[in-house]
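Residue-level structural notes
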Amino acid sequence: MTPLPDIWAYLSQEPLLWLTATLVAYLLGDAASRAARHNPLVNPVLVAMLLLTGVLYATATPYRTYFDGAQFVHFMLGPATVALAVPLYNNLHLIRRSLIPMFGALLAGSLTAVVSALVVARMLGVEGALLLSLAPKSATAPVAIGISEQIGGLPTLTAVLVILTGIIGAVVVTPLMTLLRIRDWRARGFAVGVAAHGIGTARAFQVNDTAGAFAGIGMGLNALLTALVAPWVVWVLL
């Protein structure tokens, strides 16, 4: 009879195992979110991340081994982003009426995200590549990683920061907007899309379709603007 450790050593090298583990972890996270009536603290991505982290730690599996199996999910980020065009089209009449305020909010939000991260981190003593990795944290992952490589950051660290930014944004957006008495779904959605990219956009769709559509716009436009302004801000500040 083959010892269990030998079986695990074989299975852990199979890409399908980690793809399946990722999907199962998210399904469990989504089920937990539904059971909690979509409480922002029970975010599906956060639950899935904690579950997968526990499994990887318990099995001493390197992240590279995990990613080699789960990279198909990473690939699907592209088609998922393109699919946001459907709700955008359905809300086109609202978008046309909000173009000027949106661009003002985009410029303010994008610059604030980059500048505040760099200034606060530098005040805390962060320097070099670690500091540069923070600049694109509010852009969607594929764009943020490319920006990080361009300005001399650490792409892997940037990916982690992007995920953390999205999760924090998705958790705090609903109670924060309610506390601030912001009731316009367009403003709520656009703000979370700019600040918390895809994970925040997914949360916005859970709350309201219009908010989700505007979050998708904010996510896409912020990725473009961050790619343009982040190298310039880094050059000016550092």
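All values derive from a computational prediction rather than experimental measurement.

Another point: the nonpolar core. Counting 14 residues, the largest nonpolar core has Val114, Leu118, Leu131, Leu134, Ala135, Ile151 and Val234 as the members making the most contacts within it. Mapped by element, the contributors of at least two residues to this core are α8 (99-123), α9 (128-132), α10 (141-151) and α13 (209-237). The element contributing the most residues to this core is α8, with 4 residues. Excluding its chain neighbours within four sequence positions, the residues that come into contact with Leu134 are Ala117, Ala121 and Leu161. Judged by nonpolar contacts, the second largest core, of 10 residues, contains Leu94, Met102, Leu106 and Ile217.

Contact geometry for α8 and α13: axes closest at 8 Å, N-to-C directions at 45 degrees. With respect to their mutual orientation, α8 and α13 come out oblique. Like other packed secondary-structure pairs, α8 and α13 cross with a definite hand, here right-handed. Contacts from Met102, Phe103, Leu106, Leu107, Ser110, Leu111, Val114, Val115, Leu118, Val119 and Arg122 of α8 reach α13 at Phe214, Ile217, Leu221, Asn222, Leu225, Thr226, Val229, Ala230, Val233, Val234 and Leu237. Looking at the contact of α8 with α13 residue by residue, the class counts come to 18 nonpolar, 3 polar and 1 charged.

Under the defined criterion, the tally for this structure stands at 3 salt bridges. With a shortest N-O distance of 2.9 Å, Arg34 and Asp30 are connected by a salt bridge. In this pair, Arg34 and Asp30 both sit in helix α2 (residues 15-35), 4 residues apart, roughly one turn of the helix. Classification of Arg34 as exposed rests on a relative accessible area of 56%. A salt bridge links Asp184 to Arg186, with the shortest nitrogen-to-oxygen separation between them at 2.8 Å.

Moving on: the packing of aromatic side chains. Counted under the stated rule, the structure contains 1 aromatic pair. Both rings, one in Trp18 and one in Tyr66, keep their centres 6.0 Å apart while their planes meet at 75 degrees; by these two values the pair is edge-to-face. You can see Trp18 sitting in helix α2 and its partner Tyr66 sitting in helix α4 (residues 63-75), a full 48 residues away along the chain. Just as Trp18 is buried, Tyr66 falls in that class too.

Side chains of Val119, Met123, Trp232, Trp235, Val236, Leu237 and Leu238 sit close together on the surface and give an oily, nonpolar patch of about 790 Å² of accessible area. Listed by contribution, the elements that provide at least two residues to the nonpolar patch are α8 and α13. If you tally residues by element for the nonpolar patch, the top one is α13, at 4 residues. By relative accessible area, which is 45% here, Val236 ends up partly exposed.

With that out of the way, let us pick up helix α12 (residues 185-207). Relative to the 33 Å expected for 23 residues at 1.5 Å per residue, α12 spans just 9 Å between its end C-alpha atoms, considerably shorter than the ideal helical length. The largest bend in α12 is about 145 degrees, located at His197.

Reading the values: the criteria
- Residues numbered from 1 in each chain as written.
- Predicted model: local features only at pLDDT ≥ 70, side-chain atom pairs only at ≥ 80, totals over all residues.
- Heavy atoms only, no water.
- Core = buried A, V, L, I, M, F, W, Y, C linked by side-chain atoms within 4.5 Å.
- Buried < 20%, exposed > 50% of the residue type's maximum accessible area, 1.4 Å probe, protein only.
- Helix = DSSP H or I, 4+ residues; strand = E, 2+ residues; numbered from the N terminus.
- Contact = heavy atoms within 4.5 Å.
- Axes fitted to C-alpha atoms, helices over the stretch in contact; angles between N-to-C directions.
- Parallel < 35°, antiparallel > 145°, perpendicular 65-115°, else oblique.
- Left-handed = near helix turned anticlockwise from the far one by under 90°.
- Nonpolar A, V, L, I, M, F, W, Y, C, P; charged D, E, K, R; others polar.
- Salt bridge = Lys/Arg side-chain N within 4 Å of Asp/Glu carboxyl O.
- Phe/Tyr/Trp six-rings, centres within 6.5 Å; stacked < 30°, edge-to-face > 60°.
- Patch = residues over 30% accessible without salt bridge, like charges linked within 9 Å, V, L, I, M, F, W, Y side chains within 5 Å.
- Areas by Shrake-Rupley, 256 points an atom, 1.4 Å probe, with all protein chains shown as cover.
- Expected span 1.5 Å × (residues − 1).
- Bend = angle between axes of the 7 residues up to and from the residue.

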